[in-house]
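# Structural overview
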Amino acid sequence: MTDADWLARAAGLAEAQVGRTAPNPAVGAVCVRAGRVLGEGAHLRAGGPHAEVNCLNACAENPAGATLYVTLEPCSTTGRTPPCCDLIKARRVGRVVIGCLDPNPRHAGRAVGLLRAAGIAVSLAEGEIAARCRALIAPFAKAITTGLPYVRLKLAMTLDGFIADGARASRWVTGPEARAWAQEVRARVDAVMVGAGTVRDDHPSLQPHLPGAPQKWRVLVDRGTPVAAEDVDARTLVATRDLGYDGHDLRAMLRALCARGVNDVLCEGGGKLAGALLDAGLVDELLLVYAPKALGDAAAVRGLAIAPRGLAGALRLEPLERRALGADTLLRLRPVV
Ligand code: AOF
Ligand code: ZN
């Protein structure tokens, strides 16, 4: 087993917690001596022990001299919990291998010097495993450095770009595989957001229908369309009421959402909200699921209702992934800025 292999094990522990730790990042740790796991752990929820603490406390034997693999740089100042660097020193860990540095300005890069000064060897991951550890915390990194959540835009569309037909029916655009995948995506974000028109037409629960999945914030962006009382529950944030939304400034609305501890939000439509987010440059990632269907109906609902642009100024997207979901096709894309 190489350092990268052990870090991959730690990354797996962290990945299982994605969507559960807001506003903290998901972090995993494994403590190893002579090719044997002494203990492992993950950060399970904000306010609870960090991954290193759970890992070191789970060690079946004294971790003195052992190697600690952790997906994120250990913290070095007191937040809701005491600094992990102190515990790592107190337990006399011999070596720490870090998946990626902490973008949180309170900690960024400090652990490396602090641990080395205490005689602990420190290595920083590189290459593929470092990228995997960075990807794990991409929403946290954006939120902590910019005050804005990481925004994913998911739309299920026909090949001619419609998310609903002329009667606003949208339930069966994509097939069962794509719908099951959509539940997993919901389970891994902090909040799910839609325009109020979508709520009026579909009354979506916006919750992941998966056993054990935590409940998400439902963000209803009401511009023009009021939200009916029966569509509001304890997990609902009505943008004008709860996020100070003025009907225009989506950036300020997202900032208010981030201030509530939401590191990432999944926008599931409708087309106008999707277009407005794209026009405002607020989307980090698009998840477009294309069903092999076409409607050809001028009254159907366009998915990407962006402002008109000429070909020279077209919205450009960089493909990150293409994947079959049953008969449907997922395109994961990033706007080119
Ligand atoms: C770690 N391991 O498992 C996590 C870390 O308020 P606190 O005490 O929970 O500290 C939160 C900050 O600690 C968070 O913003 C991030 O910088 C770091 N998170 N650090 O060493 C962990 N979750
Ligand atoms: Zn910590």
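Please refer to the structure placed before this passage.
Right, let's walk through the structure included here. (Residues numbered from 1 in each chain as written. Chains lettered and ligands numbered in written order. Predicted model: local features only at pLDDT ≥ 70, side-chain atom pairs only at ≥ 80, totals over all residues. Heavy atoms only, no water.)

## Considerations on the overall build of the chain
On a plain count of helices and strands, the chain comes out with 11 helices and 15 strands. The C-alpha atoms of the chain give a radius of gyration of 22 Å, which matches the 20 Å a tight globule of 337 residues would have. Along the longest, intermediate and shortest principal axes, the C-alpha atoms of the chain span 70 × 40 × 40 Å. Taking all contacts inside the chain whose residues are at least 6 apart in sequence as the whole, residues at least 24 apart take part in 70%. Carbon and sulfur atoms make up 53% of the accessible area of the chain, which totals about 15100 Å². Side-chain charges of the chain comprise 41 positive and 34 negative groups, with the mean position of each set lying 4 Å from the other. (Helix = DSSP H or I, 4+ residues; strand = E, 2+ residues; numbered from the N terminus. Rg over C-alpha atoms; globule rule 2.2 N^0.38 Å. Contact = heavy atoms within 4.5 Å. Areas by Shrake-Rupley, 256 points an atom, 1.4 Å probe, with all protein chains shown as cover. Lys, Arg positive; Asp, Glu negative; His and termini not counted. Charge placed at Lys NZ, Arg CZ, Asp CG, Glu CD.)

## Brief notes about the sheet that holds strand E12 (residues 285-291)
Taken together, the 8 strands give an open sheet; going across it, the order is E10-E9-E8-E11-E6-E12-E15-E14, and neighbouring strands pair in mixed fashion. The open sheet has two edge strands with one neighbour each: strand E10 (236-238) and strand E14 (317-325). Geometrically, the sheet is characterised by an average inter-axis angle of 20° between neighbouring strands, direction not taken into account. Along the sheet, helix H11 (residues 271-279) makes contact with strand E6 (150-158), strand E8 (191-195), strand E9 (217-221), strand E11 (264-267) and E12, crossing E8 at roughly 110°. (Pairing = 2+ DSSP bridges. Axes fitted to C-alpha atoms, helices over the stretch in contact; angles between N-to-C directions.)

## Structural notes on the nonpolar core
One finds Cys31, Leu56, Leu68, Ile88, Val96 and Leu115 to be the most contacted residues of the largest nonpolar core, which totals 42 residues. Within the residue set of this core, elements represented by two or more residues are helix H1 (3-15), strand E1 (28-33), helix H2 (51-58), strand E3 (67-72), helix H3 (84-90), strand E4 (95-100), helix H4 (110-117) and helix H5 (127-136). Of the residues forming this core, the biggest block, 5 residues, is contributed by H1. In terms of nonpolar packing, the next biggest core, distinct from the first, is built from 35 residues, Ala164, Leu257, Val262 and Leu286 among them. (Core = buried A, V, L, I, M, F, W, Y, C linked by side-chain atoms within 4.5 Å. Buried < 20%, exposed > 50% of the residue type's maximum accessible area, 1.4 Å probe, protein only.)

## Some remarks on H2
Along H2, the positions that sit buried rather than exposed are Ala51, Glu52, Cys55 and Leu56. Taken down its axis, H2 places every buried residue within 120° of arc, on the same side. Tucked inside the fold, the buried residues of H2 contact E1, strand E2 (36-42), E3 and H3. (Arc of directions from axis to C-beta.)

## Remarks on the state of the cysteines
According to the stated counting rule, one finds 0 disulfides in the structure shown. Left without a disulfide partner, Cys59 is nearest to the cysteine sulfur of Cys31, which lies 3.8 Å away. On the basis of relative accessibility, which here comes to 13%, the residue Cys59 falls in the buried class. (Disulfide = S-S within 2.5 Å.)

## With respect to the pairing of E4
The buried count for E4 comes to 5 of 6 residues, which makes it a mostly enclosed element. Two elements, E3 and E4, share 5 bridges in a ladder whose sense is parallel. Residue pairing in the sheet places Val70 in a bridge with Ile98 of E4. In the classification by handedness, the crossover that spans E3, the intervening H3 and the parallel E4 is right-handed. Looking at chain direction, E4 and strand E5 (residues 121-124) are connected through 4 bridges and run parallel. (Right-handed = clockwise from strand over helix to strand, strands pointing away.)

## Notes on the site of ligand 1
What surrounds ligand 1 is a group of 18 residues, the closest being His50, Glu52, Arg80, Thr81 and Asp102. With respect to ligand 1, the backbone of Arg80 contributes an N or O atom lying 2.7 Å from an oxygen atom. Taking 500 Å² as the accessible area of ligand 1 by itself, protein coverage stands at 97%. Split by residue class, the shell around ligand 1 holds 7 nonpolar, 7 polar and 4 charged. (Near = heavy atom within 4 Å. Polar contact = N/O pair within 3.5 Å; in protein donor to acceptor, adjacent residues only side chain to side chain. Nonpolar A, V, L, I, M, F, W, Y, C, P; charged D, E, K, R; others polar.)

## Considerations on the packing of aromatic side chains
According to the stated counting rule, one finds 1 aromatic pair in the structure shown. Over the face of the ring belonging to Trp217 we find Arg235, whose NZ or CZ atom lies 4.2 Å from the ring centre. (Phe/Tyr/Trp six-rings, centres within 6.5 Å; stacked < 30°, edge-to-face > 60°. Lys NZ or Arg CZ within 6 Å of the ring centre and 35° of its normal.)

## Describing the coordination of the zinc ion (ligand 2)
Perfect tetrahedral coordination of a metal by four donors corresponds to 109.5 degrees between them, and perfect octahedral coordination by six donors corresponds to 90 or 180 degrees. Here the zinc ion (ligand 2) is held by the protein donor atoms His50 (ND1), Cys75 (SG) and Cys84 (SG), which lie 1.9 to 2.2 Å from it. Within one chain, the residues donating to the zinc ion (ligand 2) are spaced in sequence as H-x24-C-x8-C. Taken as a pair, Cys75 and Cys84 share a single burial class, namely buried. (Donors = N, O, S within 2.8 Å, 3.2 Å for Na, K, Ca; no water.)

## As for the environment of Val189
With respect to the secondary-structure elements, Val189 resides in the loop between helix H7 (176-187) and E8. In this structure Val189 comes out as buried when scored by relative accessible area, which is 1%. As a C-alpha pair, Val189 and Pro214 span 25 residues in sequence and 9.8 Å in three-dimensional space.

## Quick look at H11
For H11, the tally of buried residues reaches 7 of 9 residues, placing the bulk of the element in the interior. Within the sequence span of H11, burial applies to Gly271, Leu273, Ala274, Gly275, Ala276, Leu277 and Leu278. Among the residues trailing H11, Gly281 stands out with phi positive, at a value near 70°.

## A few points about unusual backbone geometry
The residue after Ala22, namely Pro23, is reached through a cis peptide bond having omega 5°. Its place among the elements puts Pro23 in the loop between H1 and E1. Gly269 connects to Gly270 through a cis peptide bond whose omega is -5°. Note on placement: Gly270 falls in the loop between E11 and H11. Its identity is not glycine, yet Arg92 carries a phi of approximately 55°, on the positive side.

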